[in-house]
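The residues making up each chain are set out below.
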Amino acid sequence: MYKLTGKIQHYSWGGTAYIPALLGIENTAQQPYAEYWMGAHSSNPSIVHLNENKRIALNELIKEDASEWLGETVAQQFGELPYLFKVLDVKDMLSIQVHPSKAGAEKGFVRENEAGIPLNAPYRNYKDDNHKPEVMLALSEFWLLHGFKEKKLLSQTLQQTETFKILLPVFEKEGYYGLYKQVMELPQATVDGMLEPLLRRSEPLYKANQLSKSTPAYWACKTAMLHDGNYTGIDRGIFSIYFFNIVQLHPGQAIFQGAGVPHAYLEGQNIELMSNSDNVLRGGLTTKHIDVPELLKHILFEGIAPQIMNGEKKGAETIYHCPVPDFEVSHIMADKQTTFTHTAFSAEILLVTEGEADMATSLQTLHLKKGESVLVGASETYSISTDTRAMLYKAAVPGTA
């Protein structure tokens with residue numbers, strides 16, 4: 001069991017206060033602090049503190065003895081830490097995106113390697129050969145887009161939104177694929193011509209704070225306002241805002257997003273746990289690379305009803321089970337009366353988000369403060385106790401120790 005230091009990502013969409021406050025960092029320059037990564041992804045591995053003088057990257061530590069850290073089963077199945085653990089602070093909307101399946105990622109990665117596309121090229125789609133299912137757990141009120149609306153709801157949206165009535169026959173005849181392909185391949189001038197009247201009608205209500213966040217118009221206008229009301233070159237991601245489910249999560253609620261489910265984070269703070277991958281295919285609300293033909297190959301073209309997860313409470317721990325073997329996330333609430341004891345199946349990473357706690361094994365005790373994280377190896381038994389109250393979030397591989 002060792003303390004671990006993650007890596008900060010200063011993406012432009014990030015907030016300036018939440019992650020610095022969590023980590024105890026002064027942000028006098030008001031830099032965006034978008035993500036805090038805890039994991040072994042080769043592009044930004046966390047640092048493990050072996051002692052006062054010796055530190056090592058987590059991916060290197062695991063490479064030295066995967067069986068010791070991951071356990072024999074996980075080492076044979078994955079060969080690496082199978083998850084990437086993050087804290088996100090979403091101030092501005094993230095891109096419309098979808099993640100490929102494992103098979104799709106493997107094919108795409110090989111194809112782009114054979115084409116000689118550098119791994120860091122801005123027009124590259126596949127950064128690795130892994131899938132990227134993910135679960136997010138809300139730390140605040142959180143808003144996101146998640147999957148296409150079910151057929152009846154999407155038909156109503158097209159019928160009731162003047163701009164989109166022209167698209168209703170396309171949806172009725174060609175379904176989700178035909179509808180989405182059409183709007184994603186429209187000439188930019190046509191996109192501007194369709195969306196400008198929609199935005200101009202909604203803009204006064206948005207500026208007067210009269211639009212609810214549960215309505216597509218609110219997020220469409222927020223997108224447009226980022227462009228200073230310039231109605232040329234309008235982002236076609238606005239179509240997705242109307243076509244997809246808008247989901248509100250309260251703190252402690254979670255949602256899982258598997259391969260092919262289109263989504264976008266809109267606003268709030270969350271814990272995010274995903275497979276150890278950085279593969280993203282984008283569909284709008286971004287200045288980054290968009291590859292429409294590749295995107296269309298991987299989207300799940302069906303309506304879904306979002307499944308909000310409240311977790312399974314087991315004593316001090318609430319576990320959010322996910323339909324993949326790569327990971328599960330949980331939160332642990334410790335207080336004076338409660339000592340949490342657990343044996344890790346595989347490598348676990350724990351982060352303290354509130355209070356302070358002591359983590360003890362048979363050999364050592366670590367005192368953890370807010371913002372500190374710790375790595376626990378496979379088969380290690382540990383306990384968590386506190387003199388006050390502490391909240392921890394845990395990333396783990398599902399299994400039985």
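Here the structure is a predicted model, which is why all the values come from computation and not from measurement.

(A) Fine view of the overall build of the chain. For the chain, the count of helices and strands is eleven helices and 23 strands. Taking 401 residues into account, the globule formula puts the C-alpha radius of gyration at 21 Å, and the chain, at 22 Å, falls close to it. Summarising its shape, the C-alpha atoms of the chain cover approximately 70 × 50 × 40 Å along the three principal directions. Among the 401 residues that make up the chain, the fraction classed as buried is 56%. Within the chain, contacts between residues separated by at least 24 positions form 75% of all contacts whose residues are at least 6 apart in sequence. Mean positive and mean negative side-chain charge positions of the chain (35 and 46 charges, respectively) differ by 5 Å.

(B) Region of interest: the pattern of salt bridges. Under the counting rule described, the total for this entry stands at 17 salt bridges. Residues Lys181 and Glu185 are paired through a salt bridge, measuring 2.9 Å at the closest nitrogen-oxygen approach. Each of Arg111, Glu294 and Lys297 takes part in salt bridges that share partners, so that together they form one network.

(C) Just the sheet that holds strand β16 (residues 328–335), in detail. Pairing is antiparallel in the open sheet, where nine strands are placed in the order β5-β4-β1-β21-β18-β23-β16-β15-β14. The open sheet has two edge strands, β5 (55–57) and β14 (312–314), and neither has a second partner. With strand direction ignored, the average angle separating the axes of adjacent strands in the sheet is 30°.

(D) Expanded view of the packing of helix α6 (residues 151–160) against helix α7 (residues 168–184). At a minimum axis distance of 11 Å, the contact between α6 and α7 shows a crossing angle of 125°. Comparing their axes, α7 and α6 come out oblique. Considering how the two elements wind past one another, α6 and α7 form a crossing that is right-handed. Contacts between α6 and α7 involve Lys151, Leu154, Ser155, Leu158 and Gln159 on the former and, on the latter, Leu168, Phe171, Tyr176 and Leu179.

(E) Examining the packing of aromatic side chains more closely. The full count for this structure, using the stated rule, is 19 aromatic pairs. Judged by centre distance (4.9 Å) and plane angle (85°), the rings of Phe148 and Phe244 are edge-to-face. Placement of Phe148 in strand β9 (residues 142–148) and of Phe244 in strand β10 (residues 244–249) is noted, with a sequence separation of 96 residues between them. Here Phe148 falls in the buried class, since its relative accessible area comes to 1%. Between Phe340 and Tyr382, the aromatic rings sit 6.5 Å apart at their centres with planes inclined by 50°, giving tilted as the arrangement. Of this pair, Phe340 sits in strand β17 (residues 340–343) while Tyr382 is found in strand β22 (residues 381–385), placing the two residues 42 residues apart along the sequence. Of the two residues, Phe340 and Tyr382, both sit in the buried class. One residue, Lys288, lies across the ring of Tyr11, its end atom 5.3 Å from the ring centre.

(F) Seen up close, the pairing of strand β8 (residues 134–138). Taken across its five residues, β8 has five buried, putting it largely inside the fold. Judged by which residues are buried, β8 turns out to be covered on both faces: Glu134, Met136 and Ala138 on one side and Val135 and Leu137 on the other are all buried. When β8 meets strand β11 (residues 254–257), the two strands line up antiparallel, connected through four bridges. Across the sheet, the residue bridging to Glu134 is Gln257, located in β11. Alignment of β8 against strand β12 (residues 263–275), held across five bridges, turns out to be antiparallel. Across the sheet, residue Ala138 finds its bridge partner in β12, namely Asn270.

(G) Structural view of the side chain of Glu294. Looking at where Glu294 falls in the secondary structure, it is placed in helix α11 (residues 292–298). Residue classification places Glu294 among the buried positions, given a relative accessible area of 6%. A polar atom in the side chain of Glu294 sits 2.9 Å from the side chain of Arg111. Beyond its immediate sequence surroundings of up to four residues, Glu294 is in contact with Arg111, Asn125, Tyr126 and Leu281.

(H) Here's a closer look at the nonpolar core. Counting 49 residues, the largest nonpolar core has Leu158, Phe164, Leu167, Tyr180, Phe239 and Phe243 as the members making the most contacts within it. The dominant element in this core, judged by the number of residues it contributes, is α7, at seven residues. When sequence neighbours within four positions are dropped, the list of residues in contact with Phe239 reads Phe164, Leu167, Val183, Leu186, Val191, Met194 and Leu195. Leu22, Leu70, Val74 and Tyr393 belong to the second-largest nonpolar core, a separate cluster that totals 42 residues.

(I) Representation of unusual backbone geometry in the model. Backbone geometry places Asn209, a non-glycine residue, at a positive phi of 60°. In this fold, Asn209 is placed in the loop between α8 (188–207) and α9 (216–225). Residue classification places Asn209 among the exposed positions, given a relative accessible area of 65%. A positive phi is found at Ser379, a non-glycine position, where the angle reads about 70°. Among the secondary structure elements, Ser379 is positioned in the loop between β21 (373–376) and β22.

About the criteria used
Residues numbered from 1 in each chain as written. Predicted model: local features only at pLDDT ≥ 70, side-chain atom pairs only at ≥ 80, totals over all residues. Heavy atoms only, no water. Helix = DSSP H or I, 4+ residues; strand = E, 2+ residues; numbered from the N terminus. Rg over C-alpha atoms; globule rule 2.2 N^0.38 Å. Buried < 20%, exposed > 50% of the residue type's maximum accessible area, 1.4 Å probe, protein only. Contact = heavy atoms within 4.5 Å. Lys, Arg positive; Asp, Glu negative; His and termini not counted. Charge placed at Lys NZ, Arg CZ, Asp CG, Glu CD. Salt bridge = Lys/Arg side-chain N within 4 Å of Asp/Glu carboxyl O. Pairing = 2+ DSSP bridges. Axes fitted to C-alpha atoms, helices over the stretch in contact; angles between N-to-C directions. Parallel < 35°, antiparallel > 145°, perpendicular 65-115°, else oblique. Left-handed = near helix turned anticlockwise from the far one by under 90°. Phe/Tyr/Trp six-rings, centres within 6.5 Å; stacked < 30°, edge-to-face > 60°. Lys NZ or Arg CZ within 6 Å of the ring centre and 35° of its normal. Polar contact = N/O pair within 3.5 Å; in protein donor to acceptor, adjacent residues only side chain to side chain. Core = buried A, V, L, I, M, F, W, Y, C linked by side-chain atoms within 4.5 Å.

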